[in-house]
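An overview of the molecular structure
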Amino acid sequence: MSATSLNSDRLWAYLQLMRPANIVTAWADILAGFAISGFVAIQAGTLELEALGWLLLATTGLYGGGVVFNDVFDAELDAKERPERPIPSGRASRQNAATLASVLLLIGIVAAAQVSFLSAILAICIAVGAVVYDSLGKHQPLVGALNMGLCRGGNLLLGMSTVPAIVGEYWFLALIPIFYIAAITSLSQGEVHGAKGNTPAIALLLIVTVITALFGLELLPNYHILQALPAIALFTGYLLPPVIQAVRQPTPEQIRNAVRSGILSLVILDATIATGFASLPYGLFVLCLLPISIALAQIFAVT
């Protein structure tokens, strides 16, 4: 193998560690948060667009760093259960992966700091939460699921932080991704050996709660449920079948299918929120991230 080919293979391995398909779903969080912050009512200008750009870069670093650290901490376990992963296969070194993860998290925090002090604080909380989950939280089923949910809820708040006052007013909307990600994370714990006990049923219950909450957003004065209905229907139709199948047959394969659908459905969830708070065209713009994420998921692992 030539030196050029070897270097390309190594670069590809580190890109695999970052899970690009998942990062695209994190962009959707930011765009949904930006919609909640009332971008339609804000006079469109360079400042707002610039802030959105910084936050998209921030979430790229935060999510990328978090998932790379996941493989760093799981290197020994992956050597037994997933030897094809970049670190156990030898295509990426654990030390270099840890350095990459640290740099990505730092980029995320610095980028967020360009928007506001609150954005920087949220980014720091997300970074700390990701490392805690990777190192400790994932080994505690309930705590780990909540831990990951808080990271994702924080990401939605990060998108809202373009208008800091909105975070204080609508912070409770972060409960939607918190419950949703808690459900998907709890399901993911059965990817290797299958689900145990009532975990799939509990995950399904949490997802139904999230769907109900989407309808409940109609109670907010600036949320338009009618224009969000198609997105809610798409979210429900795309996600529920594989999750229900995992409840009926909690094998590793069915669990992985449900988790994969759950991760990709984050884009639809965010598009639903964005459509209701902003407009149908904006929601469709967010939804355009879904085929991009699906295409990347054919190349890069999402779990």
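Residues numbered from 1 in each chain as written. Predicted model: local features only at pLDDT ≥ 70, side-chain atom pairs only at ≥ 80, totals over all residues. Heavy atoms only, no water.

Threshold: UniProt positions are given in the numbering used here, feature names are shortened, and annotations may be inferred rather than shown by experiment.
As annotated in an unreviewed UniProt entry, the chain is UbiA-like protein EboC from Scytonema millei VB511283. Per its UniProt entry, the chain bears the Subcellular location (unreviewed entry) comment "Membrane".

Focus on the state of the cysteines
Two cysteines joined by a covalent bond between their sulfur atoms form a disulfide. To keep it simple, the criterion reads: Note on disulfides: each one is a pair of cysteine sulfur atoms within 2.5 Å.
The tally for this structure, following the rule as stated, stands at 0 disulfides. For the unlinked cysteine Cys-125, the closest cysteine sulfur is that of Cys-151, found at 9.7 Å.

Observations concerning unusual backbone geometry
Definition in use: Runs of H or I in DSSP of at least four residues are treated as helices and runs of E of at least two as strands, each being numbered from the N terminus. When a residue's accessible area, from a 1.4 Å probe over protein chains only, is under 20% of the maximum for its type it is buried; when over 50% it is exposed; and in between it is partly exposed.
Of note in the backbone geometry, Arg-19 takes a positive phi value of approximately 50° without being a glycine. Inspection of the secondary structure assignment puts Arg-19 in the loop between helix 1 (3-18) and helix 2 (20-36). In this structure Arg-19 comes out as buried when scored by relative accessible area, which is 7%.

Things to note about the packing of helix 2 against helix 13 (residues 280-287)
A pair of packed helices is characterised by two quantities: the angle between their axes and the separation of those axes. Short version of the rule: All axes here are fitted lines through C-alpha atoms, helices being fitted over the stretch that makes contact, and every angle between N-to-C directions spans 0 to 180 degrees. We call two directions roughly parallel when the angle between them is under 35 degrees, roughly antiparallel when it is over 145, roughly perpendicular when it lies between 65 and 115, and oblique otherwise. What makes a crossing left-handed is the near helix being turned counterclockwise from the far one by less than a right angle; a clockwise turn instead makes it right-handed. Here a residue-residue contact requires only that any non-hydrogen atoms of the pair lie within 4.5 Å. Residues are grouped as follows: Ala, Val, Leu, Ile, Met, Phe, Trp, Tyr, Cys and Pro are nonpolar; Asp, Glu, Lys and Arg are charged; every other residue, Gly included, is polar.
Helix 13 packs onto helix 2 with a crossing angle of 165° between their chain directions and a minimal axis gap of 10 Å. It follows that helix 2 is roughly antiparallel to helix 13 by the angle criterion. Both helix 2 and helix 13 take part in a crossing whose hand is right-handed. Along the contact surface, helix 2 presents Ala-28, Leu-31, Phe-34 and Ala-35, while helix 13 presents Tyr-282, Phe-285 and Val-286. Across the contact of helix 2 with helix 13, the residue classes tally to 7 nonpolar, no polar and no charged.

Observations regarding the packing of aromatic side chains
Heads up, the rule is: Two aromatic rings, drawn from Phe, Tyr or Trp (for Trp, its six-membered ring), form a pair once their centres lie within 6.5 Å of each other, and the interplanar angle then sorts them: stacked below 30 degrees, edge-to-face above 60, tilted otherwise.
Applying the stated criterion to the full structure yields 8 aromatic pairs. Aromatic pair Tyr-223 and Phe-277: ring centres 5.0 Å apart, planes at 70°, arrangement edge-to-face. Separated by 54 residues along the polypeptide, Tyr-223 in the loop between helix 10 (199-216) and helix 11 (225-248) and Phe-277 in helix 12 (residues 252-277) bring together distant segments of the chain. For the residue pair Tyr-223 and Phe-277, the accessibility class agrees, reading buried in each case. Their ring planes at 40° and their centres at 6.3 Å tell us that Tyr-282 and Phe-285 sit as a pair that is tilted. Here Tyr-282 and its partner Phe-285 are both found in helix 13, 3 residues apart, which amounts to about one turn of the helix. Residue classification places Tyr-282 among the buried residues on the basis of a relative accessible area of 10%. By the ring-pair criterion, three or more aromatic residues cluster together here, those being Tyr-170, Trp-171, Phe-172, Tyr-223 and Phe-277.

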